[in-house]
Amino acid sequence: MWIGAGQQQLTGPDGSRARGRDRHADGTGRQAEGYCPGAGEAREQRKGPPLATSDMNVAGVYELPLTAPCPSSGSRATPAAGGLPEDMLVTNVLWLCRLRWIVVGALVLFGALGLSPTWLPGMGVLPHPDWPFAVAVALALANAAFLAHARRLRGLGACPWARANLLAQMVVDLLLLTAVVHFVGSLETYIAFAYLFHIVLACIFFTRPLSLAVTAIACFLYLACVAIEEARLVPRGGIYTDMTLRDHVAGSPGVRLVNTGWALLTWFVVWYLVSYLSATVRARDAELADSNRRLLSAQEERCGHMLRTTHELKAPFSAIDASVQVLLRGLAGPLSSDAQEILTRVSTRSRRLAAEIQEMLQLANLQSTVQNPPRREQIDLADMLRSCVAQMRPLAEERGIRIEEQIEPACVRGVEEYLRMLLANLLANAVAYSHRGGDVRVACSQKRADGPVVTIEDNGIGIPAGKLPHIFDEYYRTSEAAQHNRESTGLGLAIVRHVAQAHGIRVRVSSAPNAGTTFTLTFPEDPNFAITCKEKGLGLHTDC
């Protein structure tokens with residue numbers, strides 16, 4: 001089958017010419033040749049890893065990704081020294097809620113172990129079945145409320161309430177954590193360092209001033225806990241059965257002061273380091289995002305300039321071709337055989353360049369994100385496919401190629417001009433890269449499980465399996481394709497890629513050298529249009 005760069009000219013209903021081109025497999029193991037616009041006929045061979053000779057005749061299958069790999073010009077802005085963008089905060093709100101369920105489970109497990117008279121005492125821990133369950137219930141109720149609010153935020157997309165949700169979660173967590181610190185032991189255990197989790201997360205999520213506020217809240221709550229215990233307003237907590245450490249801390253004011261001071265100092269040092277690193281990373285990310293936006297803007301400007309320049313070149317080449325045709329027909333006087341040969345070459349070259357300009361304009365229009373997207377409408381896919389086959393049939397008959405049709409009623413929604421370009425390029429390539437006297441089979445069906453499926457198959461020069469992932473690149477052509485059809489530029493399948501990704505069409509290619517190529521297009525399912533087309537096929541509708 002083909003995947004080639006058929007540069008054959010197609011005349012549309014508006015009189016414009018479009019050339020379908022593609023790339024073809026290389027039966028010699030050489031990598032593809034790339035065509036560079038503006039470099040005349042010079043082609044430069046692309047270097048790549050050599051393919052084993054045994055791989056040249058192996059059939060391959062490749063499916064085009066539905067999404068384009070490059071970012072759009074509408075990349076989100078990241079504050080230079082601020083927190084995360086709102087859309088990322090929404091994701092982190094949900095993540096923090098899911099993480100909190102693990103904490104709830106740990107508290108319930110600890111409380112359940114406290115119900116046993118032997119488990120915890122055997123490890124030197126006092127059983128406390130009451131407070132773990134109470135804290136777990138309070139944390140679960142709060143988390144359920146935060147999760148419900150977070151799911152509403154996800155439906156709204158980026159919104160300022162995501163930051164408030166995260167801040168509220170951290171404040172509630174710090175309050176409940178302070179209760180846990182008291183019951184476990186504020187000075188005789190390392191539980192107080194659990195505050196660091198929230199300090200680090202605040203540095204990641206929020207701005208430096210806001211993360212400092214979270215750190216200050218943690219310090220205040222911890223100092224309040226210690227102060228209340230020192231004032232004997234509540235009994236001093238603890239989980240160890242051995243009272244020696246607790247009594248030592250209780251009887252040593254210096255130890256309590258040192259432990260509390262080191263904890264607070266550690267928290268502020270961690271805040272400073274993490275917030276500084278987070279701000280530095282966000283500032284660098286903002287610089288990269290800004291550079292990316294400038295590059296995309298420059299690319300859009302160059303694309304627009306190329307679009308205008310190529311459009312201005314259409315008229316001169318058309319005028320050259322028209323003048324040459326006048327001379328060749330003898331309307332300006334008889335010509336010598338040498339002059340006729342030269343003018344024939346000029347005519348061929350001008351037509352080819354005019355077709356290349358047409359394809360460059362098509363590709364530039366597809367790549368442009370400045371202009372308003374064209375309106376999508378209901379399209380009779382079967383009629384469009386028959387029209388493209390009718391346009392291609394004269395060239396196929398000239399080369400002795402038979403086009404077999406098995407087209408059933410099918411409807412899709414899309415941009416008619418773009419879908420016509422997609423089908424025309426694939427059909428042109430199928431004919432261009434078929435051997436003389438070969439066959440091209442075109443099928444269209446409407447499946448119930450999926451959307452409409454179009455299959456275009458040939459038994460032409462085929463493509464090596466290792467080169468299938470590259471055939472949709474701009475100006476990519478294999479050596480075999482270039483030798484079989486020198487008129488191609490390798491833009492046809494690039495146009496196919498842009499149209500397919502814009503319309504959500506799954507493109508599957510299977511090919512083998514000298515065995516042909518099959519393109520399978522699976523269009524998105526649209527039940528309304530499927531029913532309409534089914535009724536049309538029964539003669540109940542006259543439009544689709």
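Q: What should I look at first to understand the overall build of the chain in this one?
A: Along the chain, the regular secondary structure elements total 14 helices and 13 strands. Counting the 544 residues in the chain, one finds 44% classified as buried. A fraction of 76% describes how many contacts in the chain between residues 6 or more apart in sequence connect residues 24 or more apart.

Q: Help me understand the pairing of strand S10 (residues 452-458), please; the structure alone is not making it clear to me.
A: Moving residue by residue along a regular strand, the side chains alternate between the two faces of the sheet. Among the seven residues in S10, five count as buried, and that is most of the element. Across five bridges, S10 lies against strand S13 (residues 516-522) in antiparallel orientation. Of the residues in S13, the one forming a bridge with isoleucine 456 is phenylalanine 519.

Q: How should the sheet that holds S13 be read in this particular structure?
A: Strand pairing within a sheet occurs via backbone hydrogen bonds; the two strands may be parallel or antiparallel. Spatial strand order, S5-S12-S13-S10-S9-S7: six strands in an open sheet with mixed pairing. With partners counted over all chains shown, the strands left at the sheet margins are strand S5 (60-63) and strand S7 (402-407), one partner each. Averaged over all neighbouring strand pairs, the angle between strand axes comes to 10°, with direction disregarded. Relative to S10, strand S9 (residues 439-446) runs antiparallel, the two sharing seven bridges. Considered in S10, the bridge of alanine 443 is made with threonine 455.

Q: Please clarify how the pattern of salt bridges should be interpreted in this entry.
A: It is possible for side chains bearing opposite charge to pair when their charged atoms get close. Under the definition given, this model contains 10 salt bridges. The salt bridge partner of arginine 345 is glutamate 341, with a shortest N-O separation of 2.8 Å. Of this pair, arginine 345 and glutamate 341 both sit in helix H9 (residues 337-367), separated by four residues, roughly a single helical turn. As a salt-bridge pair, arginine 402 and aspartate 439 come within 2.7 Å of each other at their nearest N and O atoms. Taken together, the positions of arginine 402 in strand S7 and aspartate 439 in strand S9 put the pair 37 residues apart, joining distant regions of the chain.

Q: So what exactly am I meant to see when it comes to the packing of helix H4 (residues 161-184) against helix H5 (residues 195-205) here?
A: The axes of two packed helices give the description: the angle between them and the distance between them. Packing of H4 against H5 leaves a shortest axis separation of 10 Å and a crossing angle of 170°. Judged by the angle between their axes, H4 and H5 are roughly antiparallel. Contact with H4, carried on its side by Arg163, Leu166, Met170, Asp173, Leu174, Leu177, Thr178 and Val181, involves Tyr195, His198, Leu201, Ala202 and Phe205 of H5 and no other residues of that element. For the contact of H4 with H5, the residue count by class is nine nonpolar, two polar and two charged.

Q: Please clarify how the nonpolar core should be interpreted in this entry.
A: The tendency in soluble globular proteins is for nonpolar side chains to be buried side by side. Core analysis: the biggest nonpolar cluster contains 49 residues, and Leu422, Leu423, Val454, Phe472, Val507 and Leu521 have the highest contact counts within it. Here the element with the most residues in this core is helix H11 (residues 416-432); it accounts for 11 residues. Those residues in contact with valine 454, other than ones at most four positions away along the chain, are Leu381, Leu385, Leu423, Ala443, Cys444, Phe519, Thr520, Leu521 and Phe523.

Q: Looking at this structure, I do not really get the packing of H11 against helix H13 (residues 492-503). What am I missing?
A: Following both chains from N to C, one finds H11 and H13 inclined at 140°, their axes separated by 9 Å at the closest point. Relative to H13, H11 is oriented oblique. Judged by the twist between their axes, the crossing of H11 over H13 is left-handed. Listed contacts from H13 to Tyr418, Leu419, Met421, Leu422, Asn425, Leu426 and Asn429 of H11 are Gly492, Leu493, Ile495, Val496, Val499, Ala500 and His503. Among the residues making up the contact of H11 with H13, the classes are represented as 10 nonpolar, four polar and no charged.

Q: Sorry, what's going on with the packing of aromatic side chains here?
A: Aromatic rings considered in pairs are described by the distance between their centres and by the relative angle of their planes. Tallied over the full model, the rule gives 10 aromatic pairs. Taken together, a centroid distance of 6.3 Å and an interplanar angle of 35° make the contact between tyrosine 62 and phenylalanine 472 tilted. A residue pair is termed long-range when its members are at least 10 positions apart, and tyrosine 62 in strand S5 and phenylalanine 472 in the loop between S10 and strand S11 (476-477) qualify at 410 residues. Judged by relative accessible area, which is 2%, phenylalanine 472 ranks as buried. Here the aromatic cluster, defined as three or more aromatic residues joined through ring pairs, consists of Tyr62, Phe472 and Phe519.

Q: Where do I start with the pairing of S13 in this structure?
A: Within S13, seven of the seven residues are buried, which leaves it mostly tucked inside the rest of the structure. Of the two faces of S13, the one holding Gly516, Thr518, Thr520 and Thr522 and the one holding Thr517, Phe519 and Leu521 are both buried throughout. Looking at chain direction, strand S12 (residues 506-512) and S13 are connected through seven bridges and run antiparallel. Looking across to S13, one finds that serine 510 is bridged to threonine 518. Adjacent in sequence and paired antiparallel, S12 and S13 are bridged by three residues, among which asparagine 514 carries a positive phi angle near 65°.

Q: Quick question: what am I supposed to make of helix H10 (residues 381-398) here?
A: Turn by turn, an α-helix covers 3.6 residues, leaving residues three or four places apart pointing in a common direction. Relative to the 26 Å expected for 18 residues at 1.5 Å per residue, H10 spans 26 Å between its end C-alpha atoms, a close match to the ideal helical length. Methionine 392 marks where H10 bends most, by close to 40°; the proline proline 394 follows one to four residues later. Regarding H10, its N-cap is aspartate 380, as a side-chain oxygen of that residue lies 3.1 Å from the backbone nitrogen of alanine 382 further along. Glycine 400 occupies a position one or two residues after H10 and carries a positive phi of about 70°.

Reading guide: rules and limits
Residues numbered from 1 in each chain as written. Predicted model: local features only at pLDDT ≥ 70, side-chain atom pairs only at ≥ 80, totals over all residues. Heavy atoms only, no water. Helix = DSSP H or I, 4+ residues; strand = E, 2+ residues; numbered from the N terminus. Buried < 20%, exposed > 50% of the residue type's maximum accessible area, 1.4 Å probe, protein only. Contact = heavy atoms within 4.5 Å. Pairing = 2+ DSSP bridges. Axes fitted to C-alpha atoms, helices over the stretch in contact; angles between N-to-C directions. Salt bridge = Lys/Arg side-chain N within 4 Å of Asp/Glu carboxyl O. Parallel < 35°, antiparallel > 145°, perpendicular 65-115°, else oblique. Nonpolar A, V, L, I, M, F, W, Y, C, P; charged D, E, K, R; others polar. Core = buried A, V, L, I, M, F, W, Y, C linked by side-chain atoms within 4.5 Å. Left-handed = near helix turned anticlockwise from the far one by under 90°. Phe/Tyr/Trp six-rings, centres within 6.5 Å; stacked < 30°, edge-to-face > 60°. Expected span 1.5 Å × (residues − 1). Bend = angle between axes of the 7 residues up to and from the residue. Polar contact = N/O pair within 3.5 Å; in protein donor to acceptor, adjacent residues only side chain to side chain.

These results come straight from atomic positions and should not be treated as a statement about function.
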